[in-house]
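# Structure at a glance
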Amino acid sequence: MNSAWDRLINKRKRQGQTLQYEETEITSNEQKLSSNINENLTNIRTVLGNSGDLIIREFKMGKPFLHKIVLLYINGLADKEIQGSFIMERLMSNFNHTESDDPQQPHQLLVYIKENMLALGGIEDITNWNKLFFSLVSGQTILLIDGCDRAIGCAAQGGELRAITEPTTEPAVRGPKESFVESLITNTAMVRRRIKSPNLWVETMRLGKITQTDVAIMYVKGIVNDKLLKEVKERLNKMEVDEVVGSNTIEEWINDDTWTLWPTIFITERPDVVAGNLMEGRIAIFVDGTPVPLLLPATWIQFFQTAEDYYLRWNMVSFLRNLRVIAFLITLLGPSLFIAFISFHPELIPTPLLVSLSAQRHGIPFPVFIEALLMEFTFEFLREAGVRMPRPIGQAVSIVGALVLGQAAVQAGIVSSAMVIVVAGTAIASFTIPHVAMTDATRLLRLIMMTLAASFGLYGIGLGLIVLVAHTCSIRSFGIPYLTPFAPLIISDWKDTIIRFPKPFLSKRPRLINQMKRKRVGNTQNLGPSPREGQIKDNKSKRDSNET
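To keep things clear, this report deals only with the structure shown in the data block. (Residues numbered from 1 in each chain as written. Predicted model: local features only at pLDDT ≥ 70, side-chain atom pairs only at ≥ 80, totals over all residues. Heavy atoms only, no water.)

By definition, the strands of a sheet pair up through backbone hydrogen bonds, in either a parallel or an antiparallel sense. Taken in spatial order, the 5 strands line up as β1-β2-β4-β5-β3 in an open sheet, and their pairing is antiparallel. On the outer flanks of this sheet lie β1 (54-61) and β3 (123-126), each paired with one strand and no other. The mean inter-strand angle of the sheet, taken between neighbouring strand axes irrespective of direction, is 25°. In terms of strand pairing, strand β4 (residues 141-145) meets strand β5 (residues 151-154) through 4 bridges, oriented antiparallel. When the bridges of β5 are listed, Leu 144 appears paired with Ala 151. Against the sheet, helix α3 (residues 80-92) makes contact with β1, β2 (67-74), β4 and β5, and its axis sits at roughly 25° relative to β1, the strand it touches most. (Pairing = 2+ DSSP bridges. Helix = DSSP H or I, 4+ residues; strand = E, 2+ residues; numbered from the N terminus. Axes fitted to C-alpha atoms, helices over the stretch in contact; angles between N-to-C directions. Contact = heavy atoms within 4.5 Å.)

Right under this line is the structure:
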């Protein structure tokens, strides 16, 4: 686009004119539109490179003064039904008043069209090229009038958008069956349906010097920590990038620790999860074109909680959360413990089991560490192939590949049966972790722990755990300790961590995340069944006798 403007500037210089517009940087010295409609059309075609999706509709209107009008829009970004019913049909129909009242001047016609003819909710004046091109590529319909140095931007955005469907990465048996889509307006509206409060504020901005991507910051005023909100805005304003094509770009820019393996920003595709976190004092960041908003700050235990935890009974939820933490430990330490026991500490294995494992390893040409790496990478290959291939084929490849390769490897004497069981059990345990970001981090940490186990045995595993815990304790997510409420220790916030108390007992929001309004509305004194009518009468008679 810059080269097109360079050609246009050179052309203007040859004609004795200058054009001061810069496409990539919006400055105060913006080039105004021309009153000559043909000149404006030439500029638009030049800048857009005569794009095939640019639709230009020319017509005339007015009696007896015919005014030339041009309608511009990008094909696929504008709603043609809105254009036909609320713009074109009204503009091309005859005026319903006398000829003496017809607008004679182009500026008068522009005002008349805005005030009497366009039945749209969003209409704005456009006076410079920056605004015109941004409105055009954002899906608006532009109206130009010959002899007028202003244009009208009509909010007729549309085009093909994905419908709301069930969540794919966060399914739930109970609870809502809807997930976010790529439309920013639709996503914010889905949250507003759940929090019908005027205190739910949405602030919008544009990030990316070239892409000009719409970004929305959502929070509940009066609950969110003002210092946290200020920090989030400062980090977003410091971003200097050409393109923001997804929420992952913002995530990497505003992270507290770029090099840590742990995810420090929570992502979700469920509106109910966003609503619940907003009510705890967190902030949601929506990016236009991305169905996965960001939630911050995030804590370590948050990645072991699911939306369904708040639709099931508290006792079952507590059991499932503990099961996920145990699965995390198996995923992290399973292969490394097997390597350490076989290579360095066989005396800790019961004798019958040790004899069985030794018999299985008879004839295996590789050390146990190389054997584990072969199985781990084989499983990673199968996992990646299953994800990248078409869904029906990918599932078949994963299942058949695991069965065939595992059995063939054992029969060929490359790996032992015990190693296949350990790696398969570790893979199954990893699927129990509900969030992909935590699963990916655990997969990488598992390889590090395996290397330490192969080098130093249980001492290496212990050293790795100490370093890992120390590193995790040092991490912050927008100033909030990553391991809160375990480090620092906040007993009052344990009611919704690895266990979940009944909802009437969750009367306080997390202390470090929310410092504005910690108390939730609730009274646990009224829990339990109402007293029977007979008991009420007996209590009343006892009171009366005591009073007498």
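Let us look at the nonpolar core. Ranked by internal contacts, the top residues of the largest apolar core, which has 55 residues, are Trp 262, Leu 278, Phe 286 and Trp 300. The element contributing the most residues to this core is helix α10 (residues 314-343), with 7 residues. Core analysis: the second largest hydrophobic core is formed by 21 residues, Leu 207, Val 215, Tyr 219 and Val 241 among them. (Core = buried A, V, L, I, M, F, W, Y, C linked by side-chain atoms within 4.5 Å. Buried < 20%, exposed > 50% of the residue type's maximum accessible area, 1.4 Å probe, protein only.)

Once that is clear, we can look at helix α7 (residues 226-237). Compared with an ideal rise of 1.5 Å per residue, which puts 12 residues at 16 Å, α7 spans 17 Å between its outermost C-alpha atoms and is within 8% of the ideal. Turning to α7, its buried residues number three or more, namely Leu 228, Leu 229, Val 232, Arg 235 and Leu 236. Burial along α7 is one-sided: seen end-on, the buried residues are contained in an arc of 130°. In α7, the exposed residues that point more than 90 degrees away from the buried face are Lys 227, Lys 230 and Asn 237. Buried residues along α7 sit in contact with β6 (200-207), β7 (213-220), α8 (247-254), β9 (283-287) and β10 (294-296). (Expected span 1.5 Å × (residues − 1). Arc of directions from axis to C-beta.)

A few words on the sheet that holds β7. Across the sheet, 5 strands lie side by side as β6-β7-β9-β10-β8; this open sheet has antiparallel pairing. Edge strands, defined here as strands with exactly one partner in the open sheet, are β6 and β8 (266-267). Of the pairings in the sheet, the one linking β6 to β7 comprises 8 bridges and is antiparallel in character. Along β7, the bridge assignment pairs Leu 207 with Thr 213. The sheet contacts of helix α9 (residues 271-278) involve β6, β7, β8, β9 and β10, and relative to β9 the element is tilted by about 140°.

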